[in-house]
Amino acid sequence: MALSGMRGLSVFISDVRNCQNKEQERLRVDKELGKIRTRFKSEKGLKPYDKKKYVWKMLYIYMLGYDVDFGHMEAVSLISAPKYPEKQVGYIVTSCLVNENHDFLRLAINTVRTDIIGRNETFQCLALTMVGNIGGREFSESLAPDVQKLLVSSSCRPLVKKKAALCLLRLYRKNPDVVNVDGWAVRMAQLLDERDLGVLTSSMSLLVALVSNNYEAYWSCLPKCVKILERLARNQDIPQEYTYYGIPSPWLQVKTMRALQYFPIIEDPNTRRSLFEVLQRILMGTDVVKNVNKNNASHAVLFEALALVMHLDAEKEMMSQCVTLLGKFIAVREPNIRYLGLENMTRMFMITDVQDIIKRHQAQIITSLKDPDISIRRRALDLLYSMCDVSNAKDIVEELLQYLSTADFAMREELSLKAAILAEKFTPDLSWYVDVILQLIDKAGEFVSDDIWFRVIQFVTNNDDLQPYAAAKAREYLDKPAIHETMVKVSAYILGEFGHLLVRQPGFSPREIFNIIHEKLPTVSTSTIPILLSTYAKILMHTQPPDPDLQNQIWAIFKKYESCIEVEIQQRAVEYFALSRKGAALVDILAEMPKFPERQSALIKRAEDTEVDTAEQSAMKLRAQQLSQTSNALVVSDQHPTNGTPAVMVNQLGLLKVPNPSTRSNMDNDSEDQRLPQVNGTLSKVEALPQSADLDGVLLDTLAIEGPPSSIVQPKSNSNLGLGGIAVESSALVPVDQQANAVQPIGNIAERFRSLCLKDSGVLYEDPYIQIGLKAEWRAHQGRVVLFLGNKNTSPLLSVQAIILPPTHLKTELSLVPETIPPRAQVQCPLEVVNLLPSRDVAVLDFSYKFGNDMVNVKLQLPAVLNKFLQPISISAEDFFAQWRSLSGPPLKLQEVVRGVKPLPLLEMANLFDSYSLTVCPGLDPNPNNLVACATFYSENTRAMLCLIRIETDPADRTQLRMTVASGDPTLTFELKMFIKEMLVSIPPAIQKPPQASPTPLQQASDVAASTDPGAMLAALL
Amino acid sequence: MSLQRGCSRSLSPRTTAVSASVFEDFKACISEEASCQTISEINLKKQKMIRAVLVMNTQGRPRITKFYEFWPVEKQHEAIRNVFSVLCSRAEHVSNFVDAESIFGPDSRLVYKHFATLYFVLIFDSSENELAMLDLIQVFVETLDKCFRNVCELDIVFNYSKIHAILDEIIFGGQVLETSSTEVMKAVEEITKLEAASNAINLVSKSVSNWRSR
């Protein structure tokens, strides 16, 4: 044994152990270091044995926490000793003491290389171990080929081979170029055929490192991983020494499943099936047993299997099976399993569609908040936070509040922040929100940051019906004997603003309010005094009729603070004093604070969105129904007087305009009558104006009616045509030359598609006969797109066919498209789109029609693209970083260096991001060359999912940048990353602001009006 | 006017202590990235690994420490102290997991096992499975047990060079090398034989001094 022969070392260790205190220890250590230093200096007579002894002592001293700033040379020099013990010491101590950039290491490269390519296996092992621990870039370049040779050599023993695999991993990380992807992929796959489990474990780690950078080169390894997993799970051919408490190498199982998680999908159905069989076996075959170690091992495999199942996005059945398992785990006796159960539930909640099943375990999760183990309590808090929504917010937040009084000090801050966010996000009613925040301040005032109380005041100010309630509550808290200063601030502010609303109630007279607030003045700090002064001024203003006593008392206070050293206090005191002598003017100036503009933390915004959605939808529907009824009637009645001027009819369908005698003028569109725009203009001004604010809503409302729009439109147009000869007549009028025209699209189809990707309405396609307009509304993972098929001619379009060719990630439903589009008519075809998965694929509209003898068929990309399912959010720094950190590494967080980017100034790049609904968050990244953005992505599978993006640009070279994308779903991360990459590499030429209506020849005449009148703009669009 | 201005001033800005402290983290991690020269080196910096193995006694004295990434010695010691202060306050029969991000920065996890007078601690990142790491501690301890027949703290104190050798056979450069304690024992026995063989002859090696004078 190394030490048994070194008496001096044992003596030294004993000495150190016997030291009574730190000071003695330091003296002893310093003495020893002095001695070693002297011995090293006088090279003479220093035997390798001594050197070895001293180097060990140095390592021991280093471990005790003392800096050893000499002797590195001696340690490194031992590497080249010919005898094993010295060499061993050299290698071991060097890897502990020396950092990879140390100059001495460079001197040793040749020795190390000689050991690696030499025939002495023990030397090989030592050298590989050191390189694997501290080898840097230079080692990487000079040693990688030798290490690779060892790894594939058939004569190399497993003992060496497994070290070579991990050594190569290190060298690869130092410089990825040392592994030639093309050549190595085959070798890597061969390594996975290894029978020795030690070598296989190391090789699997190597594979994980390789695929995490580039999985594409290693597809061939995927089936082999599944084979290995099968072998292990079925316990085939597993040597006894690799069975750990009856479980075939849990580490290898775990690593293999890790490797599989780096492949985005498994395409081959057979491989997929075998993998699911194995996973199923693991999920079903794991029980909680008595032996702790066995439990740990089997659950290590089980939890990894769960992660893989989530990654593979299994069928719902398997997912709910997983949740059931997790539900079982969070209630077991074994604390480790409880902990991981909660952690995995949180992860699962973020990515999959099993929220409802998880919510069934709410009671158990709340119980975990009281677990004796703080680690578990934290996980429970995390989970409660992520599973909170409108339905359970009240329960959860109240539990958190209750827990707050007994919670560990270390957790209180986080706890109160989370409770406040949840209360705000999911508040069922605002008075409850006020209650929660006031309780929060009461119980943990020191942890309630300013924005929390600012926010509650914004709410109260903006909601009139909340004000008396808040005032009453604030008054209640002021009666408590000792209250936190924040509570003084909030209640003083609220009572100053709204106390007068309750003036008739006992305890709310101006004098009483003043007295109780003024009582607190001596106890508060200078930051609170200005607020109190404002409150006094407000009380004074609200005291009607004036109370001279109170007035004098308050004036005296203002006077007193006029010479205050704090400028904020002084200024207020002076100003309030002067103002309060102005009599009536005071009332104007000190009037109630205006409502705050809605500004907002992501949380609030999201919360409001959901509220508006649900509240408004029903109202919108109702209105839509009414409108559709009237419009039905209108068109019919209106049609007679206009006497078959189809342009007007189309307008009416589109705009749902109220009938107006002025439309009676028999206008001919083709004649470009100058009167038309005027008439149109006045029309919308006079009649549509009262509605114009709602116009957009109205349009969308009609879409909100399920199905009907097209069916309503259709009969209408037909009935109009029923007027007979007009259609025939007009078709006869169609100029011959127009018929002869070859059908060429007008405008660039690709360009139109690209611009529609950025806005929600516009022209998708146009040719001489037809114009296809599009208007879309996107809400979370759903979209309603209406295609406006407008026949531009005076004869009908026949055999009209529209088929959507949806990619797998979209579910689309196109309502019936009529076979014929009457002359000059426009047909609306609603299309429902549901986004199932994140994907960059694009849906295609296969559209064909016949005009005269021309059969036209076009395939048009539909702008139901990934960014339509993004919603901009603004997110606070703490949320951003919390997410950023929790999404660690692939596959949830991916990074890529993008080259060949179109050079863009940062500001323009930020605009580009914004136009794709990716909110740029300025100020999050301190480096001005970087850009941080976020958005919420919606799909049925992922639900709402936060996406975080960071772009690091190189000011010296704008054509390259580094991009990091993170989200809770691996596919989403990947797709979004590619999407942004495409966006940056081929930037659409025109980034236009949305409501730029494309003029359509159909309504050429109205172009003039279009530029000014919003109604006409819409008309032009439709 | 001034009242409204004054009041809204105090109500508007959204800055919090919480966000500020998180911000520091981000800055730190950025400056760490910025200190590297090339983009590819930045990528490599985020190594996925076991970051450290710590063995300390129940008084907080380190017995074996090994960091797989470079930490200055003061930082090492500070981390050891912080870990100890968390561990010593933990009750029996609780989980083996401790929140490590406050000590070791983002994306770090810590598992530990308590045996008699010793804590065995592994610090790693999300690339490793927590329970598997716990199993690895068990393998380490079982190997020590086989090596020293009922290992105790003193064995570790006085044989720490051997412990290093054993550890190097289990964890290699922050990766799991060997999980079978039988295999580890075989390797360690080979080493022991070699040491014993060369201990018999204590020859001064010329090549060592030659190397110095080069």
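Calculation criteria
- Residues numbered from 1 in each chain as written.
- Chains lettered and ligands numbered in written order.
- Predicted model: local features only at pLDDT ≥ 70, side-chain atom pairs only at ≥ 80, totals over all residues.
- Heavy atoms only, no water.
- UniProt positions renumbered as here; feature names shortened; annotations may be inferred.
- Helix = DSSP H or I, 4+ residues; strand = E, 2+ residues; numbered from the N terminus.
- Buried < 20%, exposed > 50% of the residue type's maximum accessible area, 1.4 Å probe, protein only.
- Contact = heavy atoms within 4.5 Å.
- Areas by Shrake-Rupley, 256 points an atom, 1.4 Å probe, with all protein chains shown as cover.
- Polar contact = N/O pair within 3.5 Å; in protein donor to acceptor, adjacent residues only side chain to side chain.
- Axes fitted to C-alpha atoms, helices over the stretch in contact; angles between N-to-C directions.
- Parallel < 35°, antiparallel > 145°, perpendicular 65-115°, else oblique.
- Left-handed = near helix turned anticlockwise from the far one by under 90°.
- Nonpolar A, V, L, I, M, F, W, Y, C, P; charged D, E, K, R; others polar.
- Pairing = 2+ DSSP bridges.
- Phe/Tyr/Trp six-rings, centres within 6.5 Å; stacked < 30°, edge-to-face > 60°.
- Lys NZ or Arg CZ within 6 Å of the ring centre and 35° of its normal.
- Salt bridge = Lys/Arg side-chain N within 4 Å of Asp/Glu carboxyl O.
- Core = buried A, V, L, I, M, F, W, Y, C linked by side-chain atoms within 4.5 Å.

The name given to chain B in an unreviewed UniProt entry is AP-3 complex subunit sigma isoform X1, with Arachis duranensis as the source organism. Reading the Sequence similarities (unreviewed entry) entry of the UniProt record for chain B gives the comment "Belongs to the adaptor complexes small subunit family."

Per an unreviewed UniProt entry, chain A carries the name AP-2 complex subunit alpha and comes from Arachis duranensis. In its Subcellular location (unreviewed entry) section, UniProt records this for chain A: "Membrane, Coated pit". UniProt, in the comment section headed Subunit (unreviewed entry), describes chain A in these words: "Adaptor protein complex 2 (AP-2) is a heterotetramer composed of two large adaptins (alpha-type and beta-type subunits), a medium adaptin (mu-type subunit) and a small adaptin (sigma-type subunit)."

*Asks:* Where do I start with the overall build of chain B in this structure?
*Replies:* The helix and strand inventory of chain B stands at 10 helices and 7 strands. Among the 214 residues that make up chain B, the fraction classed as buried is 58%. Taking the intrachain contacts of chain B between residues at least 6 apart in sequence as the baseline, contacts between residues at least 24 apart amount to 49%. Accessible surface, chain B as shown: approximately 8,900 Å² in total, 55% of it carbon and sulfur.

*Asks:* What am I meant to see in the overall build of chain A here?
*Replies:* A count of helices and strands for chain A gives 44 helices and 16 strands. The buried share of chain A, reckoned over its 1022 residues, is 59%. Once local pairs closer than 6 in sequence are excluded, the contacts in chain A between residues at least 24 apart make up 67%.

*Asks:* What should I look at first to understand the side chain of Asn835 of chain A in this one?
*Replies:* All names here are of chain A. On the secondary structure map, Asn835 appears in strand E8 (residues 826-835). Asn835 sits in the buried class, given a relative accessible area of 1%. A polar contact of 3.0 Å, which involves the side chain of Asn835, links it to the backbone oxygen of Tyr938. Not counting residues within four places of it along the chain, the set of residues in contact with Asn835 comprises His781, His809, Leu810, Phe869, Phe937, Tyr938, Ser939 and Glu940.

*Asks:* Help me understand the packing of helix H7 (residues 121-134) of chain A against helix H9 (residues 158-174) of chain A in this model?
*Replies:* The relative placement of two packed helices comes down to the angle between their axes together with the axis-to-axis distance. Residues and elements named next belong to chain A. Two numbers describe how H7 lies on H9: the axes approach to 8 Å, and their chain directions differ by 25°. Between H7 and H9, the crossing angle belongs to the class labelled roughly parallel. Here the hand of the crossing between H7 and H9 comes out left-handed. Contacts between H7 and H9 involve Glu121, Gln124, Cys125, Leu128, Thr129, Val131, Gly132, Asn133 and Ile134 from the former and Leu159, Val160, Lys163, Ala164, Cys167, Arg170 and Leu171 from the latter. The residue inventory of the contact of H7 with H9, partitioned by class, reads 9 nonpolar, 4 polar and 3 charged.

*Asks:* Explain the sheet that holds strand E3 (residues 97-99) of chain B here, please?
*Replies:* Paired through their backbone hydrogen bonds, the strands of a sheet run either parallel or antiparallel. All names here are of chain B. The strand order E2-E1-E5-E4-E3 describes an open sheet built from 5 strands, whose pairing is antiparallel. One side of each edge strand has no neighbouring strand; the edge strands of this open sheet are strand E2 (62-67) and E3. The mean angle between the axes of side-by-side strands here comes to 20°, regardless of whether they run parallel or antiparallel. Summarising the sheet, strand E1 (residues 50-57) and strand E5 (residues 118-124) pair through 7 bridges and their orientation is antiparallel. Residue Ile50 lies in a different strand from E5, and its bridge partner there is Phe124.

*Asks:* Explanation requested: the packing of aromatic side chains in the structure shown.
*Replies:* Aromatic ring pairs are defined here through the distance separating the ring centres and the angle between the ring planes. Following the criterion strictly, the structure yields 29 aromatic pairs over all chains and no others. Measuring from centroid to centroid gives 6.4 Å for Tyr215 of chain A and Phe263 of chain A, while their planes differ by 75°, and the two rings are edge-to-face. Of this pair, Tyr215 of chain A sits in the loop between helix H11 (197-213) and helix H12 (221-233) while Phe263 of chain A sits in the loop between helix H13 (250-260) and helix H14 (269-284); the two residues are 48 residues apart in sequence, bridging distant segments of the chain. The exposure class assigned to Phe263 of chain A is buried, which follows from its relative accessible area of 0%. Ring centres 3.9 Å apart and planes at 25° place the aromatic pair Tyr769 of chain A and Phe851 of chain A in the stacked group. A residue pair is termed long-range when its members are at least 10 positions apart, and Tyr769 of chain A in the loop between strand E3 (761-766) and strand E4 (770-779) and Phe851 of chain A in strand E9 (residues 844-851) qualify at 82 residues. Three or more aromatic residues joined by ring pairs make a cluster, and in this case those are Phe12, Trp56 and Tyr60 of chain A together with Tyr160 of chain B. Across the ring face of Phe123 of chain A, the terminal group of Lys87 of chain A is positioned such that the distance to the ring centre comes to 4.7 Å. Geometry around Trp555 of chain A places Arg581 of chain A over its ring, the cationic atom sitting 4.6 Å from the centre.

*Asks:* Would you explain unusual backbone geometry in this entry?
*Replies:* Backbone phi values are negative for most residues with the exception of glycine, while trans is the configuration of most peptide bonds. Phi at Arg943 of chain A is positive, roughly 55°, even though this residue is not glycine. With respect to the element layout, Arg943 of chain A can be found in strand E15 (residues 943-954). Positive phi values are uncommon outside glycine, yet Asp107 of chain B reaches one of about 55°. Within the fold, Asp107 of chain B resides in the loop between helix H5 (101-104) and strand E4 (109-115).

*Asks:* Is there a simple way to think about the interface of chain A and chain B in this case?
*Replies:* In many reports, interface size means the accessible area that the parts give up when they come together. Chain A puts 131 residues into the contact, and the matching count from chain B is 105 residues. Note that Glu190 of chain B and Arg157 of chain A form a salt bridge whose closest N and O atoms lie 3.2 Å from each other. Counting across the chain A and chain B interface gives 25 residue pairs in polar contact (both at pLDDT 80 or more). Partitioning the side of chain A that touches chain B into residue classes produces 60 nonpolar, 34 polar and 37 charged.

*Asks:* What should I look at first to understand the sheet that holds E9 of chain A in this one?
*Replies:* Residues and elements named next belong to chain A. Read across the open sheet, the 3 strands follow the order E6-E9-E10; overall the sheet is antiparallel. Each edge of the open sheet carries a strand with a single partner, namely strand E6 (798-805) and strand E10 (854-861). Sheet twist, expressed as the average angle between the axes of neighbouring strands with direction ignored, equals 10°.

*Asks:* How should I be thinking about the environment of Arg347 of chain A in this particular structure?
*Replies:* Residue and element names in this part refer to chain A. Among the secondary structure elements, Arg347 is positioned in helix H17 (residues 335-351). Look at Arg347 and you get partly exposed, because its relative accessible area is 36%. It is 9.1 Å that separates the C-alpha atoms of Arg347 and Met310, two residues lying 37 residues apart in sequence. When near neighbours in sequence (up to four residues on either side) are disregarded, Arg347 contacts Ala307 and Met310.

*Asks:* Would you take a moment to explain the nonpolar core for this structure?
*Replies:* Nonpolar side chains tend to gather and get buried jointly when the protein is soluble and globular. Counting residues in hydrophobic clusters, the biggest one holds 343 residues, and the most contacted among them are Tyr218 and Phe913 of chain A. Looking at which element gives the most residues to this core, the answer is helix H6 (residues 130-148) of chain B, with 12 residues. Excluding residues that lie within four positions of it along the chain, Phe913 of chain A makes contacts with Leu918, Val920, Leu931, Ala933, Ile949, Ile951, Ile980, Met983 and Leu984 of chain A.

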